[in-house]
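# Working through the structure, step by step
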There are 2 protein chains.
Amino acid sequence: MSEQNRGKAKKRGVVMQVEDIQICVVMVGLPARGKSLIAQKAQRYLRWLSVDANVFNVGNYRRDANPQPTADFFDTSNAEGERMRRAAAEAAVTDMLKWFKGGGTVGILDATNSTKERRRWIKERCDAEGIETLYVESKCDDEDLIMSNILEVKTTSPDYVGQDPETAAQDFRKRIRNYEKVYQTIDEDENDLTYVKIMNVGKQVIINRIQDYLQSRVVYYLMNLHIKPRSIWLSRHGESQYNETGQIGGDAELSANGEMYSRKLPKMVRDSVGDDRPLTVWTSTLKRTISTAKHLPKEYNQLQWKALDELDAGVCDGLTYAEIEEQYPEDFKARDDDKYNYRYRGGESYRDVVIRLEPIIMELERSEDILIITHQAVLRCIYAYFMKKSQEDSPWMAVPLHTLIKLTPRAYGTEEQRYKANIPAVSTWRSKGSVAKHEDAPPDDAQSI
Amino acid sequence: MSEQNRGKAKKRGVVMQVEDIQICVVMVGLPARGKSLIAQKAQRYLRWLSVDANVFNVGNYRRDANPQPTADFFDTSNAEGERMRRAAAEAAVTDMLKWFKGGGTVGILDATNSTKERRRWIKERCDAEGIETLYVESKCDDEDLIMSNILEVKTTSPDYVGQDPETAAQDFRKRIRNYEKVYQTIDEDENDLTYVKIMNVGKQVIINRIQDYLQSRVVYYLMNLHIKPRSIWLSRHGESQYNETGQIGGDAELSANGEMYSRKLPKMVRDSVGDDRPLTVWTSTLKRTISTAKHLPKEYNQLQWKALDELDAGVCDGLTYAEIEEQYPEDFKARDDDKYNYRYRGGESYRDVVIRLEPIIMELERSEDILIITHQAVLRCIYAYFMKKSQEDSPWMAVPLHTLIKLTPRAYGTEEQRYKANIPAVSTWRSKGSVAKHEDAPPDDAQSI
């Protein structure tokens with residue numbers, strides 16, 4: 001292994017033992033089977049784990065040539081349509097292979113890829129470059145699911161922008177029928193391929209010839225996705241005694257203001273949920289999060305996770321930023337220069353926190369309504385996953401105390417609402433270079449309740 | 001949720017979010033398809049994660065009545081055989097349900113369960129008690145795999161103890177043919193069941209209706225098993241400067257003796273591997289493990305895992321045991337009383353370390369030859385998984401410095417070899433109550449090289 005590759009393996013390997021593997025994830029399925037949703041989520045998850053991932057959407061390439069085709073365009077007897085769609089696939093695959101040459105790790109080819117011939121062609125192109133292929137077929141015969149996807153598509157697809165919704169839905173159904181004429185599901189003929197077939201959003205899953213760790217992680221992630229409506233509530237603990245003094249880390253109890261927040265939280269949560277159904281509550285193992293949860297109704301099942309504990313500041317635990325700058329000036333500067341990757345001596349970096357949060361994210365994907373009470377850095381990492389924040393920005397994000405955040409995953413992105421408790425608290429946000437004990441964060445648009 | 005259940009959920013939930021779920025894992029498959037191996041491994045994995053799991057082997061119940069039956073006993077036209085086998089299944093299921101009543105979490109019913117009718121009967125029995133069922137079918141048409149399993153069975157099964165191996169093998173093949181006559185694989189008729197079908201040791205896997213987190217963990221674990229021959233080498237870092245002074249934790253460099261060990265390690269590893277094939281090396285992120293690996297051949301791909309860092313001693317980091325006893329006498333005693341569960345203030349317990357090692361174990365199951373250079377507590381936890389050590393004993397186990405351990409998983413257990421470097425090192429083993437700086441560990445049977 002060359003020195004360069006060794007470096008690469010190390011960098012990637014912190015999360016994923018991937019060495020020099022490159023994988024093309026080939027989506028397979030009729031329109032309105034959630035392929036783009038799966039592709040986008042897989043990309044987001046992998047990028048959050050520092051795996052270089054990119055979606056290549058063949059529809060976007062086709063739209064360059066024909067922005068708003070009618071269903072006839074997708075009829076296999078339409079030679080001109082066939083030629084253009086084939087050209088779009090060629091262009092997408094060519095761009096993807098170029099991207100792999102530049103060092104990309106997981107390229108996701110988002111298209112119907114509905115015939116065996118087309119899938120074989122992609123495999124040959126990838127084989128020639130030493131790139132593994134993993135086919136992900138989404139099959140669905142649940143009419144309700146398909147209809148809700150059609151509804152989604154006709155209102156969000158650029159193919160139907162500005163068109164009458166009813167006409168768009170009709171045309172889209174016709175397009176699906178054109179694809180159905182030639183669609184071939186993955187079957188025994190293709191058992192030499194590495195594939196996963198997901199039926200009705202995970203009700204049944206078939207996994208064939210998974211070879212390595214990265215493939216198995218992607219498949220496990222896809223297995224855990226569901227599309228039942230739900231929300232995730234995030235809150236930091238109430239203000240702690242350490243927050244008041246500007247010290248980081250530690251295991252301090254709540255301040256008087258923090259106590260007030262813990263008493264107000266149950267009503268804030270109930271108002272936000274909108275009904276009486278109980279949530280599951282996850283806290284860290286530290287006193288300030290457990291105390292913040294203590295007035296929640298007994299019907300709320302509570303779970304303590306060590307993985308939700310605050311970023312470990314190592315030798316700096318218990319210090320103020322002014323003390324850190326004084327005692328460890330080089331560390332203070334190094335952290336400001338690259339906050340995501342800086343690891344406290346004997347402690348952790350944001351990158352380390354993301355690794356230990358991975359099982360939490362996997363559980364969140366499986367779960368329905370959850371309320372998480374945790375810490376500033378940990379909340380930033382969880383938030384970054386759902387809201388697609390970059391590694392550069394997320395460690396600097398303002399997450400005020402005494403604020404409840406509600407995240408609701410939707411097909412294309414996550415909706416956010418913030419509720420302020422209107423209970424005073426210090427700000428623990430810090431701008432680059434600052435050693436202020438408390439400093440105002442940039443204003444946010446939380447609603448007061 | 002009652003207070004008692006809440007406590008139970010909390011205790012279990014640290015690793016697995018299970019609440020009050022109880023699962024019966026029902027093995028399905030012809031003889032010699034690796035069912036018992038899968039059952040045993042799943043039990044070991046779950047127990048290591050503090051999930052109460054137990055295997056109920058129907059063959060053991062049948063042997064009470066008929067210790068060494070011939071193949072005719074398993075012929076469906078043999079009414080007496082049928083009656084006795086049915087009675088054995090009844091007895092095993094009854095015992096299992098009794099065990100669930102006592103609070104067991106995962107009961108594994110190890111038998112062929114080869115007909116739809118039998119599987120339906122088990123489901124009805126479990127449904128009546130509110131216990132989930134998860135069917136695990138092992139199918140295999142790879143003749144080599146089956147033959148090696150037959151070979152294994154005829155030499156290890158109590159059914160053939162003391163018999164001529166050739167006769168035993170023939171009888172066993174006849175028994176398999178009797179089962180084949182009535183065997184029904186799980187198919188679409190049973191799509192209301194939660195099941196996983198594993199074909200040819202994971203080449204293809206079908207997963208149907210997985211409902212909750214614990215089921216998904218078990219399935220993911222089973223997906224990752226393989227039976228290719230391989231070994232895992234474990235070593236602690238070379239003696240460190242902290243080891244010399246009797247301090248725990250920290251991030252010290254190697255002592256002069258530790259340096260010597262790092263220079264001898266490459267030859268020890270090569271001699272133990274027996275050929276020139278390169279291993280993959282995993283270290284922690286701490287200096288003393290990375291330095292220990294530094295003379296290994298460049299062909300060995302190296303990976304640093306934060307999850308392999310030593311147990312975090314929190315406020316006691318950098319202290320000697322004498323200092324801990326002096327400064328934190330209650331903690332010192334509490335740790336001796338329950339070393340597995342004791343969590344250092346601001347640090348970790350052995351239980352915490354097991355949780356963060358779970359992804360490492362999963363990767364080890366997927367991987368082939370790996371050399372792990374890590375720390376005393378972490379090595380004890382990994383060793384406990386492979387060698388089935390109890391939570392009570394594993395934290396007290398002697399793992400001397402400057403010793404290479406080779407573990408080779410076999411069908412029924414793990415083989416162990418130890419190689420001493422014969423380079424002096426202090427002992428870091430400590431008996432209950434002791435504050436000695438260095439204390440001799442009980443003798444072990446490592447071979448010197």
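Conventions used here
Residues numbered from 1 in each chain as written. Chains lettered and ligands numbered in written order. Predicted model: local features only at pLDDT ≥ 70, side-chain atom pairs only at ≥ 80, totals over all residues. Heavy atoms only, no water. Least-squares fit on C-alpha atoms with pLDDT ≥ 70 in both. Contact = heavy atoms within 4.5 Å. Helix = DSSP H or I, 4+ residues; strand = E, 2+ residues; numbered from the N terminus. Expected span 1.5 Å × (residues − 1). Buried < 20%, exposed > 50% of the residue type's maximum accessible area, 1.4 Å probe, protein only. Domains from an automatic or database assignment. Buried area = accessible area lost by both parts, 1.4 Å probe. Salt bridge = Lys/Arg side-chain N within 4 Å of Asp/Glu carboxyl O. Phe/Tyr/Trp six-rings, centres within 6.5 Å; stacked < 30°, edge-to-face > 60°. Lys NZ or Arg CZ within 6 Å of the ring centre and 35° of its normal. Polar contact = N/O pair within 3.5 Å; in protein donor to acceptor, adjacent residues only side chain to side chain. Nonpolar A, V, L, I, M, F, W, Y, C, P; charged D, E, K, R; others polar. Pairing = 2+ DSSP bridges. Axes fitted to C-alpha atoms, helices over the stretch in contact; angles between N-to-C directions. pLDDT = per-residue confidence, 0-100. Patch = residues over 30% accessible without salt bridge, like charges linked within 9 Å, V, L, I, M, F, W, Y side chains within 5 Å. Areas by Shrake-Rupley, 256 points an atom, 1.4 Å probe, with all protein chains shown as cover. Lys, Arg positive; Asp, Glu negative; His and termini not counted. Charge placed at Lys NZ, Arg CZ, Asp CG, Glu CD. Core = buried A, V, L, I, M, F, W, Y, C linked by side-chain atoms within 4.5 Å. Parallel < 35°, antiparallel > 145°, perpendicular 65-115°, else oblique. Left-handed = near helix turned anticlockwise from the far one by under 90°.

With that out of the way, let us pick up the relation of the copies chain A and chain B. Both copies of the chain are related through a single rotation about an axis accompanied by a shift along the same axis. Relative to chain B, chain A is turned by 180 degrees and slid 0.0 Å along the rotation axis, the superposed coordinates differing by an RMSD of 0.1 Å. When the rotation and shift are considered jointly, the pair of chain copies conforms to a two-fold rotation axis. Considering only C-alpha atoms, the part of chain A nearest the rotation axis is I206 of chain A, at 2.1 Å. A share of 100% of the interface residues of chain A reappears at the interface of chain B, consistent with the copies meeting face to face through the same patch.

It is worth spelling out helix α15 (residues 376-387) of chain A at this point. The periodicity of an α-helix, 3.6 residues per turn, causes residues three or four places apart in sequence to face the same way. Residues and elements named next belong to chain A. The terminal C-alpha atoms of α15 lie 16 Å apart, and with 12 residues this matches the ideal 16 Å at 1.5 Å per residue to within 8%. Along α15, 11 of the 12 residues are buried, which leaves the element largely enclosed by surrounding structure. Those residues of α15 not exposed but buried are Q376, A377, V378, L379, R380, C381, I382, Y383, A384, Y385 and F386. At the C-terminal side of α15, K388 shows a positive phi close to 60 degrees.

Residue and element names in this part refer to chain A. Entries for chain A in the domain assignment read domain 1 (21-223) and domain 2 (232-420). For domain 1 versus domain 2, the distance between C-alpha centres works out to 36 Å. Summed over both sides, the interface between domain 1 and domain 2 buries roughly 1500 Å², with carbon and sulfur atoms accounting for 59% of that surface. Between domain 1 and domain 2 we count two salt bridges in total. The residue R217 makes a salt bridge to E358 at a minimum N-O spacing of 2.6 Å.

Residue and element names in this part refer to chain B. For the structure shown, the criterion picks out 21 aromatic pairs over all chains. Between Y385 and F386, the aromatic rings sit 4.9 Å apart at their centres with planes inclined by 80 degrees, giving edge-to-face as the arrangement. An identical accessibility class is assigned to Y385 and F386; each is buried. In this structure, K339 is placed above the aromatic ring of W396, and the distance from its NZ or CZ to the ring centre is 4.2 Å. One Lys or Arg, R430, reaches over the ring of Y321 and ends 4.6 Å from the middle of that ring.

We now examine the interface of chain A and chain B. Reports of interface size often rely on the accessible area that becomes lost once the parts have come together. Counting residues at the interface gives 49 residues for chain A, matched by 49 residues for chain B. Summing both sides of the interface, chain A and chain B together bury roughly 4000 Å²; the carbon and sulfur share of this comes to 47%. Taken together, chain A and chain B are joined by zero salt bridges. Run the count over chain A and chain B and you get 18 residue pairs in polar contact (both at pLDDT 80 or more). Of all the secondary-structure elements, those providing two or more residues to the side of chain A that touches chain B are α1 (3-13), β6 (204-208), α8 (213-224), β8 (280-283), β9 (301-304) and α14 (350-366) of chain A. Counting residues per element, the side of chain A that touches chain B draws most heavily on α8 of chain A, which supplies seven residues. By residue class, the composition of the side of chain A that touches chain B is 17 nonpolar, 15 polar and 17 charged. Taken together, the five bridges between β6 of chain A and strand β6 (residues 204-208) of chain B define a ladder with antiparallel strand orientation. Looking across to β6 of chain B, one finds that I207 of chain A is bridged to V205 of chain B.

Now for the sheet that holds strand β4 (residues 132-139) of chain A. Strand order in this open sheet of 12 strands is β2(A)-β3(A)-β1(A)-β4(A)-β5(A)-β6(A)-β6(B)-β5(B)-β4(B)-β1(B)-β3(B)-β2(B), and the pairing throughout is mixed. Of all strands in the sheet, those bounded by a partner on one side alone are β2 (53-57) of chain A together with β2 (53-57) of chain B. Sheet twist, expressed as the average angle between the axes of neighbouring strands with direction ignored, equals 15 degrees. Here five bridges tie strand β5 (residues 195-199) of chain A to β6 of chain A, and the two strands are oriented antiparallel to one another. Pairing of V196 of chain A across the sheet is with I207 of chain A, part of β6 of chain A. Packed onto the sheet, helix α2 (residues 35-48) of chain B meets β1 (23-28), β2, β3 (106-110) and β4 (132-139) of chain B and runs at close to 160 degrees relative to β2 of chain B.

This part is about the confidence of the model for chain A. Averaged over every residue, the pLDDT of chain A is 91; residues scoring 70 or more account for 94%. Overall fold confidence (pTM) sits at 0.88, and the ipTM for the predicted complex is 0.83.

All names here are of chain B. With phi around 40 degrees, N113 is a residue other than glycine that occupies positive phi space. Tracing the backbone through its elements, the reader meets N113 in the loop between β3 and α5 (116-128). Although it is not a glycine, R209 adopts a positive phi angle of roughly 60 degrees. Mapping R209 onto the fold places it in the loop between β6 and α8 (213-224). Assessed through its relative accessible area of 34%, R209 is described here as partly exposed.

The next thing to look at is a negative patch on the surface. The grouping of D141, E143, D144 and E180 of chain A at the surface amounts to a negative patch. Assessed through its relative accessible area of 62%, D141 of chain A is described here as exposed.

A few words on the nonpolar core. In terms of nonpolar packing, the biggest core is built from 146 residues, with I207 and L364 of chain A together with I207 and L364 of chain B touching the most fellow members. Core analysis: the second largest hydrophobic core is formed by 62 residues, A89 and F100 of chain A together with M84 and A111 of chain B among them.

Bringing the pattern of salt bridges into the picture now. If you walk through the whole model with that rule in mind, you get 70 salt bridges over all chains. Residue R175 of chain B pairs with D159 of chain B through a salt bridge whose shortest N-O separation is 2.9 Å. With R175 of chain B in helix α7 (residues 165-182) and D159 of chain B in the loop between α6 (143-156) and α7, the pair connects residues that are 16 residues apart, well separated along the chain. Since its relative accessible area comes to 8%, R175 of chain B is described here as buried. For D159 of chain B, a relative accessible area of 2% translates into the label buried. Each of the salt bridges in this network shares a partner with another, and the network as a whole consists of K116, R119, D187, D189 and E190 of chain A.

Remember that side chains alternate between the two faces of the sheet whenever the strand is regular. All names here are of chain B. Burial analysis of strand β7 (residues 232-236) places five of its five residues in the buried class, the great majority of the element. Of the two faces of β7, the one lined by I232, L234 and R236 and the one lined by W233 and S235 are each fully buried. Direction of pairing for β7 relative to strand β10 (residues 370-374): parallel, over a ladder of five bridges. Bridged to R236 within β10 is T374. Of the pairings in the sheet, the one linking β7 to strand β11 (residues 403-410) comprises four bridges and is antiparallel in character. Note that in β11 the partner of I232 across the bridge is L407.

Residues and elements named next belong to chain A. Strand β11 (residues 403-410) sits mainly inside the fold: six of its eight residues count as buried. Two elements, β11 and strand β12 (residues 413-420), share eight bridges in a ladder whose sense is antiparallel. Paired with P409 across the strands is T414, a residue of β12. In textbook terms, the turn of a hairpin is the stretch between consecutive antiparallel strands, and for β11 and β12 this stretch comprises two residues.

Residues and elements named next belong to chain B. As for its placement among the helices and strands, I23 is situated in strand β1. Distance from I23 to M84, taken between C-alpha atoms, is 26 Å for residues 61 residues apart in sequence. Beyond its immediate chain neighbours, meaning those up to four positions away, I23 contacts F100, T105, V106, G107, I131, E132, L134, D212, L214 and Q215.

Residues and elements named next belong to chain B. Where helix α4 (residues 79-101) contacts α5, the axes come no closer than 11 Å and their chain directions differ by 25 degrees. Taken as axis vectors, α4 and α5 run roughly parallel relative to one another. In the packing of α4 onto α5, the handedness of the crossing is right-handed. Note on element contacts: α5 touches α4 through E117, R118, W121, R125 and C126, opposite R86, A89, E90, V93, T94, M96 and L97. Considered class by class, the residues forming the contact of α4 with α5 number six nonpolar, one polar and five charged.

Okay, the environment of T133 of chain B next. All names here are of chain B. Position of T133 among the secondary structure elements: in strand β4. Linking T133 and D338, residues 205 residues apart in sequence, is a C-alpha distance of 35 Å. Aside from chain neighbours lying at most four places away, what touches T133 is C24, V26, K123, C126, T194 and Q215.

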